[in-house]
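The residues making up each chain are set out below.
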Amino acid sequence: MTNRFARVLSVFQGGLLILAAGVTSSFAVEKPEFYQDVYPFLKANCISCHNKTTTKAGLNMETPELMIKGGDSGPSIVPGKSADSLVVEASVHSPDLEMPPPNNKSGAVKLTDAEIAVLKAWIDQGAKAGAQAERQVTFKALAPGIDPIYSVTLSRDGRFAICGRGHRLYLYDLASRQFVAEISDPEEKSGGAHRAMVQSLALSPDGMRLASGSFREVKLWKREVVTADSPAAAAPKPADDALLKKIAETGKVAIVNHFLSADGKVLVTGCADGSVRVWDVASAKSLADLRGSAALTKEMAAHDWTVARETLEQAFQKAEIARIEAQNKALDELLKKAQEAIVAMQKVLPEKEKAVKPAQDAKGVGQKSIDEVLAKIKAAPGGRPDAALEKALKDAQEKLAPLTMTETSALAAVSATKSNIVDAEAEVKRINDSKAKNAQAVAAANAAITTAKQSQDKAATALTAAKASLTKPSTKPVAVALSPDGWRAAAVFDDGRLTVWAIATGTAVEDQAGPAAPNATLAARQDGAFTATSPDGKARVAGASVRWVLERTLGGEKEPQLFADRVNAVKFSPDGKLLATGGGEPSRSGDLTLFDAATGKATATWKERHSDIVMSLDFSPDGKRLASGAADKIARVTEIATGKQVNLLEGHTHYVMGVAFRADGRVLASGGADSVVISWDMILGERKKKIEGWTKEVTSVQFVGATNQIVTSAGDNRVRIVNDEGGEVRSITGLPDFMQAAASTANGATLVGGGEDSTLRIWNGTDGKELAAFAAK
């Protein structure tokens, strides 16, 4: 199978699997064992319709205990009595019960006579479960060329990208746009990072830990700086004066120091304007203008984030104000109607009250006539009325009835009118109270907008100042150097700062602070690092290489039951203290587990949070909630502290393959195999927008920094960016194969993605142009 959607249904190659041993060909079993002798033919012909997720007739036949418990028709087996067991009656296809039915969709067939004999013998002997056999299955080597990229991850600063390719892990430096190293486990016989495919990846927020998920295991890797000494590179030869003069004149710079590459093709110069420049010797053209520092780059990134975050905040608050204003407009209409009702009722009330007294008087007269007749009857001999009195009483009573009804109607009309006035006045109060609360909400929103605008303006001003400082450096380079491979340059400045840049992008990647040293020297090392030495002989090293070493394995051979199957999702909490994993048993369960990232100890486990495998995870920005998407077509949000499900988000019609919180936590995006992305309003817990436009599975989603933009990968050979309102921002089309994963740097300047063709691609996030492509090695 060629895509991740299909592979979740595939049969596993190797691993510690719970398997039934082979059934003997003769079925001549004296003491049948359930898992060895009975379970195989039940699984082939019965369990497809009678299991945990598909429990037809309420019967689950996966264990003896469940069969004894039975279903809608009672126990399916009676231990010791095969003749009384419904499963036997069904298996022999009695006139009243025939299972499996003919021409069924599962391809199940009637049990053979030998299988029925084994079944009867097992039941007659007590229908015991026995031991569930476990055996070691050897992993087979992946076929040549089967090395798709299922997952990619970026460091928060956008410096490094890591992808899983087949069962291996590869590290790339986006600043220098080069392959750095393969991350491998020396204990793995396969020579890679895992025995099986790498399904999921996540870097911790500080970039110091990497989690990689595979079949029944998660490996935690630790980033280490290589501290071993390295020989100095060959001392550079000075450039001749003619070359320096040519460069100075062409570039209109004053060169104060320089470094010529060993092959004489590249010249690095420290200039009087504070810049460090890289030149092509043959053409005297500038290859790079290196300015600033890693600290300044980090500072500008923080300002950039703040500007984006506050832009998002203002947009949200403005939308809230618009929503409240629309609500107030509707309330005004209701208020108008309520007030009009009060006026109308108050207008008719006097007339209705005026009608009460005449009705009461008329009733009084009628009652008086009855009383007079009754008095005459009482005075009659023996208290017995004659015919004339009886008629008079009847006539008086008949006259009173409509008079009583008239009085009742008049009183009811007054009461109803007063009640309507009271209800309308209560409605007016409710509306005015709502409008008062809305006024407070609008005031709070306006205050939030003001605060956000002030923060944004402050960050924007600081960002402008930081960028301006790049053009007018306050320090001067006193020595420069070039790495032997030509990928990096370094300079030590008169204030003591040592900075290393990646030449390909001009990005400052590392700083080393030090005391002011106007006469410091700088040397390149063979390993690509640089050593700055002050006049007193003290040395500092910057740009040392890093390596990833295995810290621990969760699950695997030592803890085979920790994970039921593939670990399809891993995610670090925003503070880096927790690691969440998602997986489960296909078609049966979706499990979530939280681990202490430092110790590897499980801190919480939520088995069967989903009814099918978990495929994606994301923490809310505050780290208090965990979103999970699964093959059960549902996204759920779990409260970390209590383990309670706080949101159940239904809207997809196929696997939920990606989930991502927006930076403010108010919106969650989910992408599915139904070729749609849904943005969810997490304040209301409702769908915000269904976003369409893909023709195949959406395999991953991620919000771009602190914006409302979502970068997606999909099976339609595209990496597409949309906003959470459904608008398309950019689409990178025409990619050669099914895309499994994509990610963006926080500022959206760089995108990475990979898929079935095994190539990790890097794009300019602004215009979508490809910057680099790294194929499988």
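The preceding data block contains the structure.
None of these values were measured; they are calculated from a predicted model.

Colleague: Can you help me understand the packing of helix α7 (residues 294–354) against helix α8 (residues 356–379) in this one?
Modeller: A packed helix pair is summarised by two numbers, namely the angle formed by the two axes and the spacing between the axes. Orientation of α7 relative to α8, taken along the N-to-C sense of each, is 15°, at an axis distance of 4 Å. By the angle between their axes, α7 is roughly parallel relative to α8. For the pair formed by α7 and α8, the contact residues are Lys352, Glu353 and Lys354 on the first element and Val356, Lys357 and Pro358 on the second. Classifying every residue of the contact of α7 with α8 gives two nonpolar, no polar and four charged.

Colleague: Sorry if this is basic, but what is going on with the nonpolar core here?
Modeller: What tends to happen in soluble globular proteins is that the nonpolar side chains get buried as a cluster. Core analysis: the largest hydrophobic core is formed by 31 residues, its most contacted members being Val268, Val276 and Leu522. Those elements giving two or more residues to this core turn out to be β12 (276–280), β13 (285–290), β14 (477–482), β15 (488–493), β16 (498–502), β17 (507–512), β18 (521–524) and β19 (530–533). With five residues, the top contributor of residues to this core is β15. Contacts of Val268, omitting those with residues within four sequence positions, involve Asn257, His258, Phe259, Val276, Arg277, Val278, Val480, Ala481, Leu482 and Ala489.

Colleague: Honestly, the sheet that holds strand β30 (residues 656–661) in this entry has me stumped. Any pointers?
Modeller: In sheet architecture, strand pairing relies on hydrogen bonds along the backbone and comes in two forms, parallel and antiparallel. The strand order β30-β31-β32-β33 describes an open sheet built from four strands, whose pairing is antiparallel. Each edge of the sheet is formed by a strand with only one pairing partner; in this case those strands are β30 and β33 (686–691). Sheet twist, expressed as the mean angle between neighbouring strand axes with direction ignored, is 20°.

Colleague: Would you mind going over unusual backbone geometry with me for this structure?
Modeller: Positive phi, normally seen in glycine, also occurs at Arg177, with a value near 55°. Structurally, the position occupied by Arg177 is in the loop between β5 (168–173) and β6 (178–183). Classification of Arg177 as partly exposed rests on a relative accessible area of 30%. The phi dihedral of Ser758 falls on the positive side, at around 70°, and the residue is not glycine.

Colleague: Please clarify how the pairing of β19 should be interpreted in this entry.
Modeller: Residues in a regular strand point their side chains to alternate faces of the sheet. Where β18 meets β19, four bridges bridge the pair, whose relative direction is antiparallel. Its bridge partner being in β19, Leu522 is matched across the sheet by Ala532. Adjacent in sequence and paired antiparallel, β18 and β19 are bridged by five residues, among which Gly528 carries a positive phi angle near 95°. Relative to strand β20 (residues 539–542), β19 runs antiparallel, the two being bridged by four bridges. Residue pairing in the sheet places Ala532 in a bridge with Arg540 of β20. The hairpin turn running from β19 into β20, its antiparallel successor, is five residues long, and Gly537 in that turn takes a positive phi close to 90°.

Quick notes on the rules
Residues numbered from 1 in each chain as written. Predicted model: local features only at pLDDT ≥ 70, side-chain atom pairs only at ≥ 80, totals over all residues. Heavy atoms only, no water. Axes fitted to C-alpha atoms, helices over the stretch in contact; angles between N-to-C directions. Helix = DSSP H or I, 4+ residues; strand = E, 2+ residues; numbered from the N terminus. Parallel < 35°, antiparallel > 145°, perpendicular 65-115°, else oblique. Contact = heavy atoms within 4.5 Å. Nonpolar A, V, L, I, M, F, W, Y, C, P; charged D, E, K, R; others polar. Core = buried A, V, L, I, M, F, W, Y, C linked by side-chain atoms within 4.5 Å. Buried < 20%, exposed > 50% of the residue type's maximum accessible area, 1.4 Å probe, protein only. Pairing = 2+ DSSP bridges.

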